[in-house]
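Summary of the model geometry
Here is what each chain is made of, one letter per residue.
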Amino acid sequence: MPKYNFDEIIDRKGTNAIKVDALGERYGNPDLIPMWVADMDFKSPPCVEKAIIERAKHSIFGYTSPSQEYYSSIIKWVARQHNWQIEQEWLSFIPGIVKGIAFVTDCFTKPGDKVIIQPPVYHPFRIVPDMHQRVVVDNPLKLEAGQYMMDLDGLRQLIDPSCKMLILCNPHNPGGRVWTHQELSDIAEICYDNNILVISDEIHSDLAFDPNKHIPFASVSEKAAQNSITFMAPSKTFNIAGIISSFSVIPNKGLREKFHHFLEKSELESGHIFAYLVAETVYNYGDDWLAELKDYLWKNITFVDEYLKVNIPQIKAMLPQASFLIWLDCRQLNLSQTELNALFVEDAKLALNDGAMFGQGGEGFMRLNIGTPLSVVKKALDNLKKAIEQKQTQS
Ligand SMILES: Cc1ncc(COP(=O)(O)O)c(C=O)c1O
């Protein structure tokens, strides 16, 4: 018997949730079905509400430091979930992974240096280095048999001495790939040999679906461990993005001292009461909730896949190996990107992410967030089916 109710429809309007309350501003219509920003419409595990309320009742919210239990909950979680033994001194709180990417960009590169990314990929990987006057170099992923693969030969060819950093999305957003040990080891080898620091963004790591197993980049080899900074967070896993409780993991002493000094000089490593408390709580008590969530998400994913095959065969779902985002291949609709967006927003009344925002290779795709009750997913697909049928009868 399931213990948690992921079918419950919860009205998020008026909570300042970007996904819901920014619809009017971003899409010109506040009443679209929101399936864009990567948070979910489910309640977080009950232990979160309980811990916050209990702490809030104390009513004194003074300066707070991370407890020993905060660190050990992370260490035990990463060992239990990902079979990676990390040490307390490798850890630091960071106020968000996108900010973490900005910090490493500032700390380890200088204007004019090259930063490699593998598009289509989470758009801040491009935006952040770009805004810091670094030169973003694309090593596009290859689409093979409906899944993304890394172009390692392409990577070797584009490297020159001004390439200083590679940002890896592990697992991948928007394609949902869980990279293999071989792929990660190859990246580690190439980057180590060329003095390119690897930033491994592992925010989606806890959401890998069986039989796929997330492999922390730094765990694949000594070269990976000594030449990388890993970012992790409970935010996607437990739907607590607004609490902001990300952290970095750096096994190499030199990199760690440099980065921790960078954080400390501006007190950026300092979290807040609820960040520490909630991270510790979900890592200690969230396992069974997460197991049920993944079953529910997988049910939604297979529903979308089957629905599209039967009703909208022109759109193909790339089945994610992790997380709640489905990359929809809409190229067979033969629409321009503007027409594709208009089909979703104006005709189907759906707010998805425009694939083009993820960079090279994203055109013709849309990113669908299925972290929502199945009834909402069904309604969204019915809207889309109707919109496409209407379009076909008009032409
Ligand atoms: C790959 C990836 N990294 C980072 C983030 C955001 O992380 P944060 O909220 O900690 O900045 C997201 C959110 O969608 C993401 O998909």
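Residues numbered from 1 in each chain as written. Predicted model: local features only at pLDDT ≥ 70, side-chain atom pairs only at ≥ 80, totals over all residues. Heavy atoms only, no water.

Re the packing of helix α14 (residues 337-347) against helix α15 (residues 374-394)
Where α14 meets α15, the axes come as close as 10 Å, and the angle between the chain directions of the two elements is 120 degrees. Here α14 lies oblique to α15, going by the angle between them. In the packing of α14 onto α15, the handedness of the crossing is right-handed. Between α14 and α15, the residues in contact are Leu-343, Phe-344 and Asp-347 and Leu-384, Ala-387, Ile-388 and Lys-391, respectively. The residue inventory of the contact of α14 with α15, partitioned by class, reads five nonpolar, no polar and two charged. (Axes fitted to C-alpha atoms, helices over the stretch in contact; angles between N-to-C directions. Helix = DSSP H or I, 4+ residues; strand = E, 2+ residues; numbered from the N terminus. Parallel < 35°, antiparallel > 145°, perpendicular 65-115°, else oblique. Left-handed = near helix turned anticlockwise from the far one by under 90°. Contact = heavy atoms within 4.5 Å. Nonpolar A, V, L, I, M, F, W, Y, C, P; charged D, E, K, R; others polar.)

Thoughts on the side chain of Ser-228
Here Ser-228 shows up in strand β9 (residues 228-232). Residue Ser-228 is classed as buried on the basis of its relative accessible area, which comes to 0%. Here Ala-224 takes part through its backbone oxygen, which lies 2.7 Å from a polar atom of the side chain of Ser-228. (Buried < 20%, exposed > 50% of the residue type's maximum accessible area, 1.4 Å probe, protein only. Polar contact = N/O pair within 3.5 Å; in protein donor to acceptor, adjacent residues only side chain to side chain.)

Some words on the packing of aromatic side chains
The way to describe two aromatic rings as a pair is by their centre distance and the angle between their planes. Summed over all chains, the structure comprises 24 aromatic pairs. Here the aromatic rings of Phe-6 and Phe-42 are separated by 5.1 Å at their centres, their planes lie at 75 degrees, and the arrangement is edge-to-face. Linking Phe-6 in the segment before α1 (18-21) with Phe-42 in the loop between β1 (33-34) and α3 (46-56), this pair joins segments that are 36 residues apart in sequence. Accessibility classification places Phe-6 together with Phe-42 in one group, the buried group. Among the aromatic residues, ring-to-ring pairing joins Phe-6, Phe-42, Trp-77, Phe-238, Phe-247, Tyr-283, Trp-289 and Tyr-296 into one connected group. (Phe/Tyr/Trp six-rings, centres within 6.5 Å; stacked < 30°, edge-to-face > 60°.)

Some points on the site of the ligand
All residues in the neighbourhood of the ligand are listed as Ala-38, Gly-96, Ile-97, Val-98, Tyr-122, Cys-169, Asn-173, Asp-201, Ile-203, His-204, Lys-236 and Ser-246. Asp-201 places a polar side-chain atom, nitrogen or oxygen, 2.5 Å from a nitrogen atom of the ligand. Take Ser-246: an N or O atom from its side chain is 3.2 Å from an oxygen atom of the ligand. Contact with the protein chains hides 87% of the accessible area of the ligand, taken as 400 Å² for the molecule alone. For the shell around the ligand, the per-class residue count stands at six nonpolar, four polar and two charged. (Near = heavy atom within 4 Å. Areas by Shrake-Rupley, 256 points an atom, 1.4 Å probe, with all protein chains shown as cover.)

What to know about the environment of Pro-124
Along the chain, the position of Pro-124 falls in helix α6 (residues 124-131). By relative accessible area, which is 9% here, Pro-124 ends up buried. Sequence spacing of Pro-124 and Met-357 is 233 residues, and the spatial spacing of their C-alpha atoms is 9.8 Å. Beyond its immediate stretch of four places on either side in the chain, Pro-124 contacts Val-98 and Pro-129.

Details of the domain arrangement of the chain
What the domain assignment lists for the chain is domain 1 (18-45 + 288-394) and domain 2 (62-285). Computed over C-alpha atoms, the centres of domain 1 and domain 2 are 26 Å apart. Every contact between the two is made by 33 residues of domain 1 and, on the other side, 34 residues of domain 2. Between domain 1 and domain 2, the buried area comes to about 2,700 Å², and carbon and sulfur atoms account for 58% of it. Contact with domain 2 buries surface across domain 1, with Met-318, Gln-321 and Gln-360 losing the most and accounting together for 26% of the total. At the junction of domain 1 and domain 2, the tally comes to 18 residue pairs in polar contact (both at pLDDT 80 or more). Elements supplying a minimum of two residues to the side of domain 1 that touches domain 2: α13 (287-311), β12 (325-329) and β15 (365-369). When residues in the side of domain 1 that touches domain 2 are grouped by element, the largest group, eight residues, is from α13. A per-class count over the side of domain 1 that touches domain 2 returns 20 nonpolar, seven polar and six charged. (Domains from an automatic or database assignment. Buried area = accessible area lost by both parts, 1.4 Å probe.)

Considerations on the pairing of strand β7 (residues 163-169)
Most of β7 sits inside the fold, with six of its seven residues counted as buried. Pairing geometry for strand β3 (residues 114-117) and β7, over three bridges, is parallel. In the strand pairing of β7, Ile-116 is matched with Leu-166. Handedness of the β-α-β unit built from β7, helix α8 (residues 181-193) and strand β8 (residues 197-201) comes out right-handed. (Pairing = 2+ DSSP bridges. Right-handed = clockwise from strand over helix to strand, strands pointing away.)

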